[in-house]
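# Topology and contacts: notes
In case you want the letters, here they are:
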Amino acid sequence: MVLAVKRSPCVPTSSFLFGLVSLIGVSSFCVSPAAAQSSLFKLTSTRPAASSATVGASTSVPYGWLDFCHRRPKECKVPALPAASVKLTAQNMSILKRINQKANRSIKPVSNYDHWGTMMDHWDYPTDGKGDCKIYALYKRKLLQEAGFPRQALLMTVVRDLSGEGHTILTVKTDKGDLVLDNLVDEIRPWNATGYYFVKRQSQQNPNIWVSLNQRGGTAKRLSPSS
């Protein structure tokens, strides 16, 4: 039997807000604890080999990132660097898994509006232990940089999830392809095994430049607990 996936609340749902979102470039609203989802989201029976998503032209920068940079200028006033990727050793994979699970378990999921009292997209670190998908992804990016991973390989990424809702994840560029760290799923997955529609992400060279993706990341299968 296939179970329906339980989704935790996503903020706001009015047509007015979605119109506002499209105007200001707000990227994502989804709030979901990984623990409630990880057992339901599984890869298809044949795992796709990791690959690298094809990057398009420069595109609009999410409002949330611009606001984050305004409030935390030291995070964004950084030099452009040559593109770099992570060598996917067993040790590095272990670090990715540990940090993904640490963030997924340490942050209490709460909607952007309930958290900050604004409909404008707010990106930040989990200073109070709460947040939505952007907070999870930013925190993972920070922890991985502190663990020695190159900034150029840690890319904030805007997608549409399996329900077509805005969502933000962290893409990690590796020598084996693009991997995804996601607050909806504890498992580290290739980008092309998520089923998400990838919209845009940070440039490897400059985090303040965003590039379009506009491609589907394979498929994801929902299995019953017995699978």
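The rules behind the values
- Residues numbered from 1 in each chain as written.
- Predicted model: local features only at pLDDT ≥ 70, side-chain atom pairs only at ≥ 80, totals over all residues.
- Heavy atoms only, no water.
- Helix = DSSP H or I, 4+ residues; strand = E, 2+ residues; numbered from the N terminus.
- Buried < 20%, exposed > 50% of the residue type's maximum accessible area, 1.4 Å probe, protein only.
- Contact = heavy atoms within 4.5 Å.
- Areas by Shrake-Rupley, 256 points an atom, 1.4 Å probe, with all protein chains shown as cover.
- Pairing = 2+ DSSP bridges.
- Expected span 1.5 Å × (residues − 1).
- Arc of directions from axis to C-beta.
- Phe/Tyr/Trp six-rings, centres within 6.5 Å; stacked < 30°, edge-to-face > 60°.
- Lys, Arg positive; Asp, Glu negative; His and termini not counted.
- Salt bridge = Lys/Arg side-chain N within 4 Å of Asp/Glu carboxyl O.
- Core = buried A, V, L, I, M, F, W, Y, C linked by side-chain atoms within 4.5 Å.

## Points about the overall build of the chain
The helix and strand tally for the chain stands at 7 helices and 11 strands. Expressed as a percentage of its 227 residues, the buried residues of the chain come to 50%. Sequence separation of 24 or more characterises 68% of the internal contacts of the chain that already satisfy a separation of 6 or more. Summing over all exposed atoms, the chain offers an accessible surface of approximately 10100 Å²; the carbon and sulfur share of this is 55%.

## What about the sheet that holds strand S10 (residues 210–218)?
Within a sheet, adjacent strands bond to each other through the backbone by hydrogen bonds, running parallel or antiparallel. Read from one edge of the open sheet, 7 strands run S2-S10-S9-S5-S6-S7-S8, paired in antiparallel fashion. Of all the strands in the sheet, the pair left with one neighbour each is strand S2 (58–59) and strand S8 (189–190). Here strand S5 (residues 154–160) runs beside strand S9 (residues 193–202); their pairing, made up of 4 bridges, is antiparallel. From the neighbouring strand, valine 159 faces S9, where its bridge partner is phenylalanine 198.

## What to know about helix H5 (residues 90–106)
A rise of 1.5 Å per residue sets the reference length of H5, with its 17 residues, at 24 Å; its end C-alpha atoms lie 24 Å apart and thus fit the reference within 8%. For H5, the complete set of buried residues consists of Asn92, Ile95, Leu96, Ile99, Asn100, Ala103 and Asn104. Looking down the long axis of H5, one finds its buried residues gathered within 155° of arc, a one-sided arrangement. Exposed residues on H5 whose side chains face more than 90 degrees from its buried face are Ala90, Gln91 and Arg105.

## As for the environment of alanine 137
With respect to the helices and strands, alanine 137 occurs in helix H7 (residues 133–146). In this structure, the C-alpha to C-alpha distance between alanine 137 and leucine 170, residues 33 residues apart in sequence, is 5.3 Å. The residues contacting alanine 137, other than those within four sequence positions of it, are Met156, Thr168, Ile169 and Leu170.

## Some thoughts on the packing of aromatic side chains
Enumeration according to the criterion identifies 5 aromatic pairs in this entry. Between tryptophan 65 and tryptophan 123 the ring centres are 6.3 Å apart and the planes differ by 70°, which places this aromatic pair in the edge-to-face class. Here the residue tryptophan 65 occupies a position in helix H3 (residues 63–71), and tryptophan 123 occupies one in the loop between helix H6 (112–116) and strand S4 (130–131), the gap between them amounting to 58 residues. Of the two residues, tryptophan 65 and tryptophan 123, neither departs from the other in class, the shared state being buried. Between phenylalanine 68 and tyrosine 125, the ring centres sit 5.6 Å apart and the planes meet at 90°, which makes this aromatic pair edge-to-face. Taken together, the positions of phenylalanine 68 in helix H3 and tyrosine 125 in the loop between H6 and S4 put the pair 57 residues apart, joining distant regions of the chain. Classification of phenylalanine 68 as buried rests on a relative accessible area of 0%. An aromatic cluster of at least three residues, connected via ring pairs, comprises Trp65, Phe68, Trp123, Tyr125 and Trp210.

## Thoughts on the side chain of lysine 140
Relative to the helices and strands, lysine 140 resides in helix H7. This buried residue, lysine 140, is left without a salt bridge; aspartate 182 holds the nearest opposite charge, at 6.0 Å. Contacts of lysine 140, omitting those with residues within four sequence positions, involve Ile99, Asn100, Ala103, Asn104, Leu170, Leu181, Asp182 and Asn183.

## A short note on the nonpolar core
One finds Trp65, Leu96, Leu144, Leu170 and Val172 to be the most contacted residues of the largest nonpolar core, which totals 30 residues. Elements with a minimum of two residues in this core: H3, H5, H7, S5, strand S6 (166–174) and strand S7 (177–181). The element contributing the most residues to this core is H7, with 7 residues. When sequence neighbours within four positions are dropped, the list of residues in contact with leucine 96 reads Leu88, Leu144, Phe149, Val172, Leu179, Leu181 and Ile188. Within the second largest apolar cluster, 10 residues are counted, among which are Ala53, Val180, Trp191 and Leu213.

## Digging into H7
Taking 1.5 Å per residue, 14 residues should reach 20 Å; H7 reaches 20 Å between its end C-alpha atoms and fits that length. Of all 14 residues in H7, 11 are buried; the element is thus mostly enclosed. Within H7, burial applies to Cys133, Lys134, Ile135, Tyr136, Ala137, Leu138, Tyr139, Lys140, Arg141, Leu143 and Leu144. With its phi angle positive at about 100°, glycine 148 sits one or two positions after the end of H7.

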